[in-house]
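# Fold and contact review
Here's the letter readout for the chains.
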Amino acid sequence: MVTDVVADALTRIRNACMVKHPTVSIPASKLKVELIKLLKEEGYVEDFEVVKNGVKSDINVTLKYVDGVSVITSLKRVSSPGLRTYSKSKNLPKVLDGLGIAVVSTSKGLMTDRRARQENLGGEILCYIH
């Protein structure tokens, strides 16, 4: 039983990137689908699809590489079930001075730190990606 599903998804992606797998399969949930959708919009993954396997669903993520090097260089979980990390919109962190993204869970769903600042929304900082 996995207690931190976001950390599990990030670890699966990180491990697949390290060994240069073209795709990775992640057990599906609404939160993970939204997270992968955000990664696709920001250009960190090539594509994804949700596949039903009877009762359970999986997300098949196609990873993005440029000249054999993964676009994702680092995935870091910030907030965890044991220690939640929240931030107001004014105090949201800039990852690598804006070159990376911080994924923020707001009252209007998951969004990047840039978009949360534009909409003046704070929330739980899930992870840093660059």
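Conventions we followed
Residues numbered from 1 in each chain as written. Predicted model: local features only at pLDDT ≥ 70, side-chain atom pairs only at ≥ 80, totals over all residues. Heavy atoms only, no water. Patch = residues over 30% accessible without salt bridge, like charges linked within 9 Å, V, L, I, M, F, W, Y side chains within 5 Å. Areas by Shrake-Rupley, 256 points an atom, 1.4 Å probe, with all protein chains shown as cover. Salt bridge = Lys/Arg side-chain N within 4 Å of Asp/Glu carboxyl O. Helix = DSSP H or I, 4+ residues; strand = E, 2+ residues; numbered from the N terminus. Expected span 1.5 Å × (residues − 1). Buried < 20%, exposed > 50% of the residue type's maximum accessible area, 1.4 Å probe, protein only. Polar contact = N/O pair within 3.5 Å; in protein donor to acceptor, adjacent residues only side chain to side chain. Contact = heavy atoms within 4.5 Å. Core = buried A, V, L, I, M, F, W, Y, C linked by side-chain atoms within 4.5 Å.

## Concerning a nonpolar patch on the surface
A surface patch of nonpolar side chains, about 200 Å² in accessible area, is lined by Val2, Val5 and Leu31. For Leu31, the location among the structural elements is in helix 2 (residues 30-41).

## Focus: helix 1 (residues 5-18)
Between its terminal C-alpha atoms helix 1 stretches 20 Å, which fits the 20 Å expected from 14 residues at 1.5 Å a residue. Three or more residues of helix 1 are buried, namely Val6, Asp8, Ala9, Leu10, Ile13, Ala16 and Cys17. Backbone geometry just after helix 1 places Lys20 at a positive phi near 60°.

## Some points on the side chain of Ser79
Counting through the fold element by element, Ser79 comes out in the loop between strand 6 (75-77) and strand 7 (86-87). Look at Ser79 and you get buried, because its relative accessible area is 0%. Within polar-contact distance, the side chain of Ser79 engages the side chain of Glu124 at 2.6 Å. Residues in contact with Ser79, not counting those within four places in the same chain, are Arg84, Thr85, Glu124, Ile125 and Leu126.

## Details of the nonpolar core
The nonpolar side chains of soluble globular proteins are, as a tendency, buried together. Counting residues in hydrophobic clusters, the biggest one holds 27 residues, and the most contacted among them are Ile13, Ile36, Val61, Leu63, Val103 and Ile129. Where this core is concerned, the elements lending two or more residues are helix 1, strand 1 (23-27), helix 2, strand 2 (45-53), strand 3 (56-63), strand 8 (101-106) and strand 10 (123-129). Here this core takes six residues from helix 1, the largest share from any one element. Those residues in contact with Leu63 that lie beyond four places of it in its chain are Ile13, Ala16, Cys17, His21, Pro22, Val24, Val45 and Glu46.

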